[in-house]
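# Understanding the architecture of this molecule
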Amino acid sequence: MTPPRPAPTPSRDSAFFWEGLNRDVLLGQRCSDCQRLRHPPRPMCPECRSIEWQAAELSGRGTLHAVVKPVHPPLPMFEPGYLVALIDLEEGIRLLSNLCEVELPDAKIGMAVEAFFVESESGDKLHQFRPIGDDLG
Ligand SMILES: [Zn+2]
């Protein structure tokens, strides 16, 4: 049996993101000055250099931008065959996650995906993605 995923390690900048996952909500950072969304979390807006921001709730829907199937080295906390994916969220930001419930030949760039949430070894949740039905088969 595969052990649970390692727990997240929040930083001061990313704590809000991990806290959102524990509520089954995907959050991005929205600049309070220019309104640009950004991810991964960081203290300053790359557009206008403001340090004022608010957490913005994201839909969790997007499309597959890129996917790889790591083989070596095998990691004890991941079941062999897992997929690492870059997801373009419909809000216009990109994030790194795992793509589940699909095998590599059927994981097509551009396919519609949605977020779901799983528990890590600490009980804190992690985000994962899976295809949205219509793009399968
Ligand atoms: Zn800004």
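These numbers were taken from a predicted model, which means no experiment stands behind them.

Thresholds applied
- Position labels on residues start from 1 in each chain and follow its written sequence.
- In keeping with the predicted nature of the model, local features appear solely for residues at pLDDT of at least 70, side-chain atom pairs appear and are counted solely at 80 or more, and the whole-chain, interface and lining totals rest on all residues.
- Per the convention used, a helix needs a DSSP run of H or I reaching at least four residues, while a strand needs a run of E reaching at least two, with both numbered from the N terminus.
- Only C-alpha atoms enter the radius of gyration; for comparison, a globular chain is expected to reach 2.2 Å times N to the power 0.38, where N is the number of residues.
- As a rule, residues whose C-beta atom has 12 or fewer other C-beta atoms within 10 Å are exposed, those with 20 or more are buried, and those in between are partly exposed; C-beta atoms are placed from the backbone.
- Two residues qualify as being in contact provided that their C-beta atoms, derived from the backbone, are within 7 Å of each other.
- Here the bounds of each domain stem from an automatic or database domain assignment.
- Think of it as three bins: nonpolar holds Ala, Val, Leu, Ile, Met, Phe, Trp, Tyr, Cys and Pro, charged holds Asp, Glu, Lys and Arg, and polar takes everything else, Gly as well.
- Put simply, a nonpolar core is buried Ala, Val, Leu, Ile, Met, Phe, Trp, Tyr and Cys residues tied into one set by C-beta atoms within 7 Å.
- A pair of strands is treated as paired once DSSP finds two or more bridges between them.

Within the chain one finds 1 helix and 8 strands. Secondary structure elements of the chain occur, N-terminal to C-terminal, as α-β-β-β-β-β-β-β-β. Computed over the C-alpha atoms, the radius of gyration of the chain is 16 Å, within 12% of the 14 Å expected from 2.2 N^0.38 for a compact globule of 137 residues. If one aligns the C-alpha atoms of the chain with their principal axes, the spans along those axes are about 45 × 35 × 25 Å. Burial status across the chain gives 20% buried among its 137 residues. Put simply, of all contacts in the chain between residues at least 6 apart along the chain, 54% involve residues at least 24 apart.

Attention now moves to the domain arrangement of the chain. Each domain of the chain was delimited in the assignment, giving domain 1 (11–58) and domain 2 (59–137). Distance between the C-alpha centres of domain 1 and domain 2: 21 Å. Contacts between the two partners involve 10 residues from domain 1 and, on the opposite side, 13 residues from domain 2. Only α1 (15–21), β1 (26–31) and β2 (37–38) provide two or more residues apiece to the side of domain 1 that touches domain 2. Looking at the side of domain 1 that touches domain 2 residue by residue, the class counts come to 5 nonpolar, 3 polar and 2 charged.

What follows concerns the nonpolar core. Residues L64, A85, I87, L99, A107, V113 and F129 are the most contacted members of the largest nonpolar core, which totals 14 residues. When residues of this core are traced back to their parent elements, those giving at least two are β5 (83–89), β6 (94–99) and β7 (112–119). Of all the elements, β5 adds the most residues to this core, at 4 residues. Those residues within four positions of A85 in sequence are excluded, and the remaining contacts are L64, A66, V67, S97, N98, L99 and F129.

With that settled, the discussion passes to the sheet that holds β1. The strands making up a sheet associate through backbone hydrogen bonding, with each pair oriented either parallel or antiparallel. The sheet built from 3 strands is open, its strands ordered β2-β1-β3 with antiparallel pairing. Each edge of the open sheet carries a strand with a single partner, namely β2 and β3 (53–58). Across 6 bridges, β1 lies against β3 in antiparallel orientation. Counterpart to Q29 in the pairing with β3 is A55.

What follows deals with the environment of M111. Its place among the elements puts M111 in the loop between β6 and β7. In the structure, M111 is positioned 47 residues away from L64 in sequence and 5.5 Å away in space, judged by C-alpha atoms.

Right, let's get into unusual backbone geometry. Across the junction of H39 and P40, the peptide omega takes the value 0°, indicating a cis bond. Residue placement: P40 occurs in the loop between β2 and β3. A cis amide bond, omega -10°, links H72 with the succeeding residue P73. Position of P73 among the secondary structure elements: in the loop between β4 (61–68) and β5. One non-glycine residue, D24, adopts positive backbone phi at about 60°. Structurally, the position occupied by D24 is in the loop between α1 and β1. The backbone of E101 sits at a positive phi, close to 65°, despite the residue not being glycine. Judged by the 14 C-beta atoms lying within 10 Å of it, E101 falls in the partly exposed class.

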